[in-house]
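# Close look at the chain arrangement
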Amino acid sequence: MRLAQYLPILDWGRRYDRGALGSDMMAAVIVTIMLIPQSLAYALLAGLPPVVGLYASILPLVAYALLGTSRTLAVGPVAVISLMTASAAGSVASQGTAEYLEAAIALAMLSGIMLAILGFVRAGFLANLLSHPVISGFITASGVLIATSQFRHILGIPGGGDTMPELLRRLAANIGTFNIPTLAIGLASLAFLYWVRKGARPLLMQFGLRPGLADILAKAGPILAVAAAILAVMVGSLNERGVAVVGAIPRGLPPFAMPEINLGLWSQLWLPALLISIIGFVESVSVAQTLAAKRRQRISPDQELVGLGASNIASAFSGGYPVTGGFARSVVNFDAGARTPAAGAYTAVGIAFASIFLTPLLFSLPVATLAATIIVAVLSLIDRKTPLRLWRYSKADFSAHIATIAMTLAMGVEIGVIVGVSTGLILYLWKASRPHAAVVGRVAGTEHYRNIERHEVITWPHILSIRIDESLTFLNARWLEEYALERMAERPELQDVVLLCSGVNSIDASGLESLEAINHRLADAGISLHLSEVKGPVMDKLKQTDILEELHGKVFLSHDKAIAHVIQLTDADPQGEDHWHARGLI
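Described in the following lines is the structure provided in the data block. (Residues numbered from 1 in each chain as written. Predicted model: local features only at pLDDT ≥ 70, side-chain atom pairs only at ≥ 80, totals over all residues. Heavy atoms only, no water.)

### Side note on helix 9 (residues 180-206)
The condition is simple: Under the scheme used here, helices are H or I runs from DSSP no shorter than 4 residues and strands are E runs no shorter than 2 residues, and both carry numbers assigned from the N terminus. How far a helix is expected to stretch is found by multiplying one less than its residue total by 1.5 Å. Axes are fitted to the seven residues ending at a residue and to the seven starting at it; the angle between these axes is taken as the bend at that residue.
The first and last C-alpha atoms of helix 9 sit 36 Å apart over 27 residues, in line with the 39 Å expected at 1.5 Å per residue. Residue Gly199 marks the point of greatest curvature in helix 9, where the axis turns by about 55°; the proline Pro202 follows within four residues. At the exit of helix 9 stands Gly208, carrying a positive phi of roughly 100°.

### What to know about the packing of helix 12 (residues 263-294) against helix 14 (residues 327-335)
For any two helices packed against each other, one specifies the inter-axial angle together with the distance between the axes. The test is simple: Fitting a line to C-alpha atoms yields each axis, with helices limited to the stretch in contact; the angle taken between N-to-C directions then spans 0 to 180 degrees. Working rule for angles: under 35 degrees goes down as roughly parallel, over 145 as roughly antiparallel, 65 to 115 as roughly perpendicular, anything else as oblique. Definitions for this section: a left-handed crossing has its near helix turned counterclockwise from the far helix by less than a right angle. A right-handed crossing has that turn clockwise. Contacts are assigned to residue pairs that have any heavy atoms within 4.5 Å of one another. Residues are grouped as follows: Ala, Val, Leu, Ile, Met, Phe, Trp, Tyr, Cys and Pro are nonpolar; Asp, Glu, Lys and Arg are charged; all remaining types, including Gly, are polar.
Where helix 12 contacts helix 14, the two axes come as close as 10 Å, and the packing angle between them is 20°. By the angle between their axes, helix 12 is roughly parallel relative to helix 14. Judged by the sense of rotation from one axis to the other, the crossing of helix 12 with helix 14 is right-handed. Residues Val287, Leu291 and Lys294 of helix 12 form the contact with helix 14, whose own contacting residues are Phe327, Ser330, Val331 and Phe334. Counted by class, the contact of helix 12 with helix 14 contains five nonpolar, one polar and one charged residues.

### Some details on helix 20 (residues 477-489)
Where we set the bar: Buried means the residue's accessible area, taken with a 1.4 Å probe over protein chains only, is under 20% of the maximum for its type, while exposed means over 50%, and partly exposed covers the values in between.
The terminal C-alpha atoms of helix 20 lie 19 Å apart, and with 13 residues this matches the ideal 18 Å at 1.5 Å per residue to within 8%. Taken as a whole, helix 20 has its buried residues at Ala477, Trp479, Leu480, Glu481, Tyr483, Ala484, Leu485, Arg487 and Met488. Buried-residue contacts for helix 20 involve helix 19 (413-433), strand 3 (437-442), strand 6 (463-468) and helix 21 (509-524).

### Notes on a nonpolar patch on the surface
Worth spelling out the cut-off: Patches were defined on residues exceeding 30% relative accessible area and lacking a salt bridge, with like-charge contacts within 9 Å and nonpolar side-chain contacts (Val, Leu, Ile, Met, Phe, Trp, Tyr) within 5 Å. Here, Shrake-Rupley sampling with a 1.4 Å probe gives the accessible areas, and only protein chains in the shown set may cover a residue. Each reported salt bridge corresponds to a side-chain nitrogen of Lys or Arg within 4 Å of a carboxyl oxygen of Asp or Glu.
On the surface, Trp270, Leu271, Met411, Ile415 and Ile418 cluster together into a nonpolar patch covering about 440 Å² of accessible area. Contributions of two or more residues to the nonpolar patch are made by helix 12 and helix 19. Relative to the helices and strands, Leu271 is located in helix 12. Residue Leu271 is classed as partly exposed on the basis of its relative accessible area of 33%.

### A short note on the layout of surface pockets
Stated formally: Buried and open spaces are told apart on a 1 Å grid over the protein atoms alone, a cavity being a set of points where a 1.4 Å probe fits but cannot get out and a pocket being an open set with protein on both sides within 12 Å along at least five of seven lines. Residues with an atom within 4 Å of a point are the lining residues. Grid points are joined across faces, edges and corners, and a volume is the space filled by probe spheres set on the points.
Space inside the largest pocket adds up to approximately 1200 Å³. As for the largest pocket, its lining consists of 42 residues, and the residues nearest its centre are Phe327, Ala328, Ala377, Ser380 and Leu381. Sorting the residues of the lining of the largest pocket by element identifies helix 2 (18-45), helix 5 (79-90), helix 7 (132-155), helix 9, helix 10 (211-219), helix 12, helix 14 and helix 16 (367-378) as the ones contributing at least two each. At seven residues, helix 12 tops the list of elements feeding residues into the lining of the largest pocket. Class assignment of the residues belonging to the lining of the largest pocket gives a composition of 24 nonpolar, 10 polar and eight charged.

### Examining the packing of aromatic side chains
Pairs of aromatic rings are described using the distance from one ring centre to the other and the angle between the two planes. Put simply, the rule is: Pairing of aromatic rings covers Phe, Tyr and Trp, the last counted by its six-membered ring, and requires centre-to-centre distances within 6.5 Å; plane angles under 30 degrees mean stacked, over 60 mean edge-to-face, and any other angle means tilted. In this scheme, Lys NZ or Arg CZ marks a charge over a ring once it lies within 6 Å of the ring centre and within 35 degrees of the ring normal.
One pass over the structure, following the stated rule, counts five aromatic pairs. Judged by centre distance (5.2 Å) and plane angle (20°), the rings of Trp479 and Tyr483 are stacked. One end of the pair is Trp479 and the other is Tyr483, both in helix 20 and four residues apart, which spans about a single turn. The two residues Trp479 and Tyr483 agree in class, both being buried. Its guanidinium or amino end placed over the ring of Trp391, Lys395 lies 4.6 Å from that ring's centre, counting from NZ or CZ.

### A closer look at the pairing of strand 8 (residues 528-532)
Our working rule: DSSP calls a pair of strands paired once it identifies at least 2 bridges connecting them. Whether a crossover is right-handed comes down to one check: with the strands pointing away from the viewer, does the path from the first strand over the helix to the second run clockwise; if it does, it is right-handed.
Among the five residues of strand 8, four are classified as buried, and the element is accordingly described as predominantly covered. The pairing of strand 7 (residues 496-500) with strand 8 spans five bridges and is classified as parallel. When the bridges of strand 8 are listed, Leu499 appears paired with Leu531. Read from strand 7 through helix 21 to strand 8, the crossover connection turns out right-handed. Pairing of strand 8 with strand 9 (residues 555-556) involves two bridges; the strand directions are parallel. Note on strand 9: the bridge partner recorded for Leu531 is Val555.

### Comments concerning the environment of Gly137
With respect to the secondary-structure elements, Gly137 resides in helix 7. Residues contacting Gly137, with those up to four places away along its chain left out, are His401, Thr404 and Ile405.

By themselves these figures say nothing about function.
Shown next as structure tokens:
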């Protein structure tokens, strides 16, 4: 059973039956139909020959079926990773050259190695470094970049570029040379594919099809668009009128060979490969967890790193480029009834069959149709609701979100990711350095203590009661020291300070030093420092130091007992309205 943790196929494989076989085979047929045009389109987006998209959709699926933990995740080329591949490979070689393809293969190899290593050291938690606002901003900006980059194919004009200013400048410079037949095919493909996404399912249901079947057929709509576009080119000889077509696609299975180890090239690509690995893993594990939750299944993020690493290494060995779990095809796989990762292996067989027998039929496929496929697919990546929601909820998260979008559009995907992660971490550190703390008083008739700024509570002029709502670390220890001393200066009659530590989960060396400094400063002023509601693990650490012996007050199990003890010592009790703070109820 322990071996099954590293080879998940040993877990689900021993329970595989005829019912699962039928469900997986049906899902594989549907996903294969969807994946063929997508693989060709995403290879085009990555600046690679279309056949490379097919190569990246065969062995990676088999590798994931052996090592992945999601029952329904479909691995292969995706839009964002294809864009990042084009940006990274384009920085070291020109599109269309052997060096460019070598760079794309090297990216797959490097990403695979990095993901596998992270999986073996159980580093799945690193995905948490990318906050949702950063990921959402990056994917939104990438969607805009991807859609904009494909309009040149819709128009049939030269273009290209990695940033929005560059893309728009080149589009504007060549807009007058657009090709009318190409534009007609591109717009027709766009309109049809967009309608298929929105209107095909309701129409099919009106004809009596079950909702599930209607949904699956609607998602297979790109195949019909591809067939119609090929037919139009062949009947009208449109390739002779300037319509760019895919052309000859090598027939057969992908070449299986050890990627060339070029240390000079790898040294140039390791950072883009790391970014591709992180973005790919976050996207993949998010999809896998969402689908697993719907069936009350679970995935292992650490093992997912291993599975995705093996998939990318397999892609490199078969002449492909970086891959990850795709949202659209995984949802189709899920809806089609896939029950185990074997569905992915059967899909690989289907893609291999298409590579051997169907590639000649794709010679006349217009590039404009593939571009339309990409544009419609990435429309779902553009999140228009999140910015407003973040603005209302958290200005800091909104800043990270907008900074990621702006830098991705202006400087490219790699800079966008780096800036987004950096902004998120800086904002987190800034917030962590200014933790929430509050002066609290007793709610009348209870043993509860609340913020005097928010509630009507009882306070005592000789007692300062402070609630700390964060762990004490090197980031905020000095701030707490200053906060406590400022509050102390506001109370000339002060005799006792009680720190309510129910929200403190840990205290590091810097936090301990600040506690000691507060204790000594208060003692010099003749004021006692007490602690209340200190958690067990924190108390265990404090017992290993001298702070408890040096403390000029006591440690109490509850905050109310601490206040009662201090009141009893001074024989004081709150009387009259002067001891009430009415600051408004929330």
